[in-house]
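Below are the chains, spelled out letter by letter.
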Amino acid sequence: MTDRFAFAARDNAAADKPVENKPRWAETIAVFSKNKGAVIGFAFLLLMIILAIAGPMVSGYTYDGIELSRQNLPPRIQGIERLGIFNGTLGDRNMYEAKGYGGSYFWFGTDKLGRDLFTRFCCGVRISLIIGAISALLNMIIGVAFGLVSGYYGGKPDLLMQRFIEVLNGIPTLVIVSLLVIVLKPGMMSIIITMGLAQWTGTARLVRANTLRLKETEHVLASKTLGTSTVKILFREIFPNLLSSVIVIAMMSVPGAIFMEAFLSFVGLGIPNPEASLGSLINDGYQSMLLYPFQMTIPAVFFALLMLALNIIGDGLRDALDPTQRQI
Amino acid sequence: MQVDSGTILNIQKLSVAFQTTSGELNAVRGVDLTLRRGETLAIVGESGSGKSVTAKAVMGLRDSNQIIKAGEILYDLDGQVTDLLKLTKKQMISQVNGRRISMIFQDPTTALNPLLTIGYQLTEGLRIHRKMSRKAAWERGVELLDEVGITQPRQCMKRYPHHLSGGMRQRVVIAAAISCDPEIIICDEPTTALDVTIQAKILELIKTLQKKMNIAIIYITHDLGVVAKVADRVAVMYAGKIVERGTAYEIFFEPRHPYTWGLLLSMPDINAADTRLYSIPGSPPNLLHKVTGDAFAVRNEYALNIDYEEEPPVFKLSGTHEVASWLAHPDAPAIQIPELLRRQIEAKISHGDEQ
Amino acid sequence: MNTVNDNILEVRDLKQHFRIDRRHSVKAVDGVSFTIKRGSTFGLVGESGSGKSTIGRTVIRLYAPTCGSVKLNGRELGGKLTLQMKQYLTGRVQMIFQDPMASLNPRKKIIDIVAEGLDSNKPRGERNELVYAQLERVGLSREFAGRYPHMFSGGQRQRVGIARAIITDPELIIADECISALDMSIQAQVVNLMKDLQTERGLTYLFIAHDLSMVKYISDYIGVLHMGRLVESGTKDDIFQNPIHPYTKSLISAIPEPNPLTEPHRISRVYDAPAQGIVYANGTERYLTDTHMVLATDGELETWIA
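How each quantity is defined
- Residues numbered from 1 in each chain as written.
- Chains lettered and ligands numbered in written order.
- Predicted model: local features only at pLDDT ≥ 70, side-chain atom pairs only at ≥ 80, totals over all residues.
- Helix = DSSP H or I, 4+ residues; strand = E, 2+ residues; numbered from the N terminus.
- Rg over C-alpha atoms; globule rule 2.2 N^0.38 Å.
- Buried ≥ 20, exposed ≤ 12 C-beta atoms within 10 Å, placed from the backbone.
- Contact = placed C-beta atoms within 7 Å.
- Core = buried A, V, L, I, M, F, W, Y, C linked by C-beta atoms within 7 Å.
- Domains from an automatic or database assignment.
- Pairing = 2+ DSSP bridges.
- Axes fitted to C-alpha atoms, helices over the stretch in contact; angles between N-to-C directions.
- Expected span 1.5 Å × (residues − 1).
- Arc of directions from axis to C-beta.
- Nonpolar A, V, L, I, M, F, W, Y, C, P; charged D, E, K, R; others polar.
- Parallel < 35°, antiparallel > 145°, perpendicular 65-115°, else oblique.
- Left-handed = near helix turned anticlockwise from the far one by under 90°.
- pLDDT = per-residue confidence, 0-100.

Assigned secondary structure in chain A consists of eleven helices and two strands. Its helices and strands in sequence order give chain A the pattern α-α-β-β-α-α-α-α-α-α-α-α-α, from N to C terminus. The C-alpha atoms of chain A give a radius of gyration of 27 Å, which is well past the 20 Å a tight globule of 328 residues would have. By principal-axis analysis of the C-alpha atoms, chain A measures approximately 95 × 75 × 25 Å. Relative to its full complement of 328 residues, chain A shows a buried share of 41%. Restricting the contact set of chain A to residue pairs at least 6 apart, pairs at least 24 apart contribute 72%.

What follows covers the overall build of chain C. For chain C, the count of helices and strands is eleven helices and twelve strands. For 306 residues, the compact-globule estimate of 2.2 N^0.38 gives 19 Å, and the C-alpha radius of gyration of chain C, at 20 Å, lies within 12% of that figure. Seen along its three principal axes, the alpha-carbon backbone of chain C occupies a region of about 65 × 55 × 45 Å. Looking at the 306 residues of chain C, the share that counts as buried comes to 49%. Once local pairs closer than 6 in sequence are excluded, the contacts in chain C between residues at least 24 apart make up 63%.

The biggest cluster of nonpolar side chains holds 253 residues, and the ones touching the most others in it are B:Ile184, B:Val227, B:Val236, C:Leu206 and C:Phe207. Taken domain by domain, the makeup of this core includes at least three residues from each of domain 1 (7-231) and domain 2 (237-354) of chain B. Ignoring sequence-local partners within four residues, the contact set of B:Val236 consists of B:Val44, B:Gly45, B:Ile242, B:Val243, B:Glu244, B:Arg245, B:Ile251, B:His257, B:Tyr259 and B:Thr260.

All names here are of chain B. Sheet architecture is open: four strands sit in the order 2-1-4-5, paired in antiparallel fashion. A single partner strand is all that each edge strand has here, and the edge strands are strand 2 (23-36) and strand 5 (80-83). Neighbour-to-neighbour, the strand axes of the sheet open up by a mean angle of 10°, direction not taken into account. Here strand 1 (residues 7-20) runs beside strand 2; their pairing, made up of eleven bridges, is antiparallel. What sits directly across from Leu9, in strand 2, is Leu35.

The next subject is helix 5 (residues 134-147) of chain B. Residue and element names in this part refer to chain B. An ideal rise of 1.5 Å per residue puts 20 Å on 14 residues; helix 5 measures up with 20 Å between its terminal C-alpha atoms. What helix 5 keeps buried is the set Ala137, Gly141, Leu144 and Leu145. Within helix 5, the buried residues cover an arc of 95° as seen down the axis, which keeps them to one side. Among the exposed residues of helix 5, those oriented more than 90 degrees off its buried face are Lys135 and Glu143.

If you look at the interface, chain C gives 27 residues, while chain A gives 20 residues. Those elements giving two or more residues to the side of chain C that touches chain A turn out to be helix 3 (83-92), strand 6 (93-96) and helix 6 (154-166) of chain C. Residue classes in the side of chain C that touches chain A are distributed as eleven nonpolar, eleven polar and five charged.

The next thing to look at is the interface of chain C and chain B. The figure often quoted for interface size is the accessible area lost as the parts come together. At the junction of the two partners, chain C supplies 34 residues and chain B supplies 38 residues. Residue assignment for the side of chain C that touches chain B shows that the elements contributing at least two residues are helix 6, helix 7 (184-201), helix 8 (212-218) and helix 10 (246-254) of chain C. In terms of residue class, the side of chain C that touches chain B is built from 15 nonpolar, 13 polar and six charged.

A word on the packing of helix 8 (residues 196-213) of chain B against helix 10 of chain C. When two helices pack together, you describe them by how their axes are tilted relative to each other and by the distance separating the axes. At a minimum axis distance of 8 Å, the contact between helix 8 of chain B and helix 10 of chain C shows a crossing angle of 55°. It follows from the interaxial angle that helix 8 of chain B and helix 10 of chain C lie oblique. Here helix 8 of chain B and helix 10 of chain C pass one another in a crossing that is left-handed. Counted together, B:Val196, B:Thr197, B:Gln199 and B:Ala200 of helix 8 of chain B and C:Ser250, C:Leu251 and C:Ala254 of helix 10 of chain C form the full contact between these two elements. Across the contact of helix 8 of chain B with helix 10 of chain C, the residue classes break down as four nonpolar, three polar and no charged.

Here we come to the sheet that holds strand 8 (residues 216-221) of chain B. Residue and element names in this part refer to chain B. Spatial strand order, 6-7-8-3-9-10-12-11: eight strands in an open sheet with mixed pairing. Where the open sheet ends on each side, the last strands, each with one partner, are strand 6 (101-104) and strand 11 (315-316). Examined bridge by bridge, strand 6 and strand 7 (residues 184-188) share four bridges and lie parallel to one another. Looking at the pairing, Met103 lines up with Ile186 of strand 7. Sitting on the sheet, helix 1 (residues 51-59) is in contact with strand 3 (40-44), strand 6, strand 7, strand 8 and strand 9 (233-238), with an inclination near 145° to strand 7.

Most peptide bonds adopt trans geometry, and most residues besides glycine take a negative phi value. For B:Glu189, which is not glycine, the phi torsion reads 45° and is therefore positive. By the secondary structure assignment, B:Glu189 is in the loop between strand 7 and helix 8. A positive phi angle is found at C:Arg61, which is not glycine, with a value near 65°. Mapped onto the elements, C:Arg61 comes out in the loop between helix 2 (52-59) and strand 4 (67-72).

Along any regular strand the residues' side chains alternate between the sheet's two faces. Residue and element names in this part refer to chain C. A two-sided burial pattern is seen for strand 6, the buried positions comprising Val93 and Met95 on one face and Gln94 and Ile96 on the other. Direction of pairing for strand 6 relative to strand 7 (residues 172-176): parallel, over a ladder of four bridges. Across the sheet, residue Gln94 finds its bridge partner in strand 7, namely Ile173.

As a further point, take helix 5 (residues 155-170) of chain A. Residues spaced three or four apart along an α-helix point in a common direction, a consequence of the helix completing one turn every 3.6 residues. With 16 residues, helix 5 of chain A should reach 22 Å at 1.5 Å per residue; the first-to-last C-alpha distance of 23 Å fits that figure. Taking burial as the measure, the 16 residues of helix 5 of chain A include zero buried ones, a minor fraction of the element.

Turning next to the packing of helix 4 (residues 117-153) of chain A against helix 7 (residues 188-214) of chain A. Where helix 4 of chain A contacts helix 7 of chain A, the two axes come as close as 5 Å, and the packing angle between them is 35°. Here helix 4 of chain A and helix 7 of chain A pass one another in a crossing that is right-handed.

Turning our attention to the pairing of strand 3 (residues 41-45) of chain C. All names here are of chain C. In terms of burial, strand 3 is largely enclosed, as five of its five residues are buried. On strand 3, burial covers both faces: Thr41, Gly43 and Val45 on one face and Phe42 and Leu44 on the other are all buried. As paired strands, strand 3 and strand 8 (residues 204-209) are joined by five bridges and run parallel to one another. Looking at strand 8, one finds that Gly43 is bridged to Phe207.

With that settled, consider the environment of C:Lys249. Residue placement: C:Lys249 occurs in helix 10. When the C-alpha atoms of C:Lys249 and C:Ile239 are compared, they prove to be 8.9 Å apart, with ten residues separating the residues in sequence.

Here we come to the confidence of the model for chain A. In the predicted model, chain A carries a mean pLDDT of 82, and 93% of its residues have values of at least 70. In the model of chain A, strand 1 (residues 89-90) of chain A stands out as the element of lowest mean pLDDT, 74, in contrast to helix 8 (residues 218-225) of chain A, which has the highest, 91.

Residue and element names in this part refer to chain B. Secondary-structure assignment places Gly282 in the loop between helix 11 (258-265) and strand 11. Accessibility expressed as a C-beta count within 10 Å gives 23 for Gly282, which makes it buried. In this structure the C-alpha to C-alpha distance between Gly282 and Tyr120, which are 162 residues apart in sequence, comes to 48 Å.

This is the structure we're talking about:
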């Protein structure tokens, strides 16, 4: 086997291959899916979204159908009722049979006007999620625009813009939000607008700080020396590189917005009847908490779980998107 | 294990991998190293060759995604030969780190805590490991600063790291490293972050201290000029393996591995006229993939067919000189050192003889 | 060819002061003059904080100079820059950066990074062909164009940076520490590539570095910068065969030689301006020969030459 010791044919092209790494998105997904909490949270969020979309269709009831003869029925679910829970009994009485609804099933029970609470719950989730998502988007758009301009131009404009943010921050959010909602009349649109207006300052500051850092990086300097226009530098060089941190902070602001809406509903400034949000459902249930605890407990538990899920997803996303956290 | 009298550290078949999102990265693939008392062993290699990972394994600095796949690091701990890899983090900190083996990092800025005074950081080891009183430790700290060439050591003790220049900071780091009279110091590119004029001074300082205190040093660098200045013995690493080792004289003047040739040739020769620099073609291999045969084969213009099939064993050339290349096999075609390198070596030797 | 055209860049008494607050400012560059001949390489050496990067960035107008004149092909670039002059500058001067990681936008494909300097109105096909040609010129295959920077090693990225700089066909390239973050064997690759490009296209380099050994290899002229002032400048031979200024001497003596016979015994020279009583503000530029300049007072020059 002497030819094994002959010189090998030289193939120079083979010598200069790029390092094969996974694409960034695949790596992000890989890191995210390693985080069990985040995956469970994500699954829960998906479930809630499906409920919000499809729930009212499968329940067979409407969210505003009033029927006083079936008021305050406890939860009753097919199948599970045999286990002794969710069987429609309050104390020892089966309320469904007592009120003449022996064949009906209200999964989450009914409220004091006889509306199906499951359908109302699904609509509530829908409205809460919409409020959370749109206000986060609004927050992101205003915050990014403000932060980019302030950070990139620096100097006098930056000084003025930062003072403006400080003045805004000086007024308690709750005061702004309550006042705005009163002025704009309660309703989903006005809640979204106020939420967007109240929350963007944090995003703007984060974006500004990142912009200050990024505008000194060599790839931005390189763009400047190549004569690239400022707008292009802002949106091609700087914005994509701070997108991940913006996504994370926007994600984190969703539960804040939902929470704020719930708070407003709770003090009576939220979504007006007959529409429902998670907050207004909890508020309604709270009024008859001692007699019919299920009316408050169910939305409250789901509300808490949703908050938890959103926060855990936010954490998972930060770990997955933030390159400083990534290993090698 | 056979430990001859002079050996104080013996690394056997060390393999280290990292669990990454793109798979397992085999950073160190079977490294054997011995370190003798009072000598300087330089580990040379490019970034990603595994030289820093090897050193960190000795220090017990384990990343969360790091896996020690095989091997042992034998060290004489109070008369008992111990495998450092088997010690817990706590045992490492209380018995080994700082006290017997200490490390000097590349960046002196991050090696010092910006919120604590120089004095506090310098005397910390003395108080913990040597159980010195606060006052005695302080006095010793002043002596140490004096020893590493800091003027006005007493004032310096009260200062914070940001008051000092980069070179001064590195001197403080060195003072802290020698504070507990360690047997071994691991220097991980200690001068790369410093200015050239300061770099030379720091190297000279490390050498003087070493001689005085009889410390063994593992010196990690990619700069062959630095190696020539400090090293007694040299190990050349490529893709997680030691491809050639020997005394500094053997590595610089009788190199046998084509990679060592390439490294030596890619140094600009300050004394020679304008010749084109030699550069090793291509890039280092990606250690996420399995390496078959010789990892250097694709960049090696002297590659043999067997290099693509089978990993080269270690061939012993002399008592101190070893090379892992099929070219050293008796059946391999005889290869001379490249002409350009031969001339450079001759020039260097005659230059050395003159002095 | 007349003398004006012979010098591609003339820098006269350039000062760059950065204001920290109302009372304090940092004199990063404090009165530096040099000229660069067309087709040559001018190496600017100095330690960190000496102002060498600032000079490079001021020439390409990332910073507006505090005062002094910068002339490109005889046209004044100092003072306020008109849009027309700005375009003239971008078309002719390009830069290669230090950090191969940070100098490429991680969110852009190689093809878009390299094509950035091209006129955006160029048809797509023509643009792509140009990019492929540059990539192949720097030794990267065209298949790499669709990938993102993180898939490449440091040396490959630096070559992408070079492709980006040469695509606009510049006359002067400022290489700001462009090899100091690379491994030794990769440094040689990049430096060889730069030299080849110089012979092919007649490029002029302003090569900024802290390490004299590579500067000696690549440069025709060398300027030694310390604390914002050019303390010595001249041809490569002036600086290496006949260094005058003690700072230059200490820089040269600090280069470790890869020779285990001599290097362990060599002691490098110390340079400490205040201790040796050297105040740069007192010195004036003195020419020993046409090319060799030293910043010194009469007395200093005498003792240094002696």
